[in-house]
Amino acid sequence: MAHFDAQQAEMATLGGETQADVFRIIGLMYATGRGCDQNLVAAHKWLNIAAIKGCDRSVNFRANLAAAMSKQQLAEALRDAREWMTCH
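Residues numbered from 1 in each chain as written. Predicted model: local features only at pLDDT ≥ 70, side-chain atom pairs only at ≥ 80, totals over all residues. Heavy atoms only, no water.

Draft legend 1. Expanded view of the environment of F61. Positionally, F61 belongs in helix 4 (residues 57-67). For the pair F61 and L28, spaced 33 residues apart in sequence, the C-alpha to C-alpha distance is 8.1 Å. Once residues within four sequence positions are removed from consideration, F61 is found in contact with R24, L28 and L47. (Helix = DSSP H or I, 4+ residues; strand = E, 2+ residues; numbered from the N terminus. Contact = heavy atoms within 4.5 Å.)

Draft legend 2. Region of interest: helix 2 (residues 19-32). Taking 1.5 Å of rise per residue, 14 residues should cover 20 Å, and helix 2 covers 20 Å from first to last C-alpha, within 8% of that figure. A20, D21, V22, F23, R24, I26, G27, Y30 and A31 are the residues of helix 2 that are buried. Just past helix 2, the residue G33 takes up positive phi, approximately 75°. (Expected span 1.5 Å × (residues − 1). Buried < 20%, exposed > 50% of the residue type's maximum accessible area, 1.4 Å probe, protein only.)

Draft legend 3. Main features of the side chain of N48. Tracing the sequence through the fold places N48 in helix 3 (residues 40-52). Once residues within four sequence positions are removed from consideration, N48 is found in contact with R62, L78 and A81.

Draft legend 4. Geometry of the pattern of salt bridges. Within this structure, the stated rule accounts for one salt bridge. Residue D21 is joined to R24 by a salt bridge in which the shortest nitrogen-to-oxygen separation is 3.8 Å. Of this pair, D21 and R24 both sit in helix 2, three residues apart, roughly one helical turn. (Salt bridge = Lys/Arg side-chain N within 4 Å of Asp/Glu carboxyl O.)

Interpretation note: all reported values are geometric properties and have no functional meaning in isolation.
Laid out in structure tokens, this is it:
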């Protein structure tokens with residue numbers, strides 16, 4: 001599985017994209033399995049963080065993803081996002 005250093009993400013920009021855009025891209029990578037193993041929990045976590053950081057584009061992606069997840073998966077993703085936001 002791909003590893004992502006969250007501390008580097010705080011400073012990351014790709015071609016002028018904002019930090020929130022970088023988190024959206026990470027979420028989409030996990031959602032589709034592009035460059036990593038598909039992981040819906042991780043995808044929702046990063047899309048949620050992107051939305052919290054102000055990326056409006058991630059809101060619809062997150063909602064669509066949530067519709068395909070179990071309640072347990074969704075709870076885990078929300079817990080992971082909350083934990084990440086508390087630490088960063």
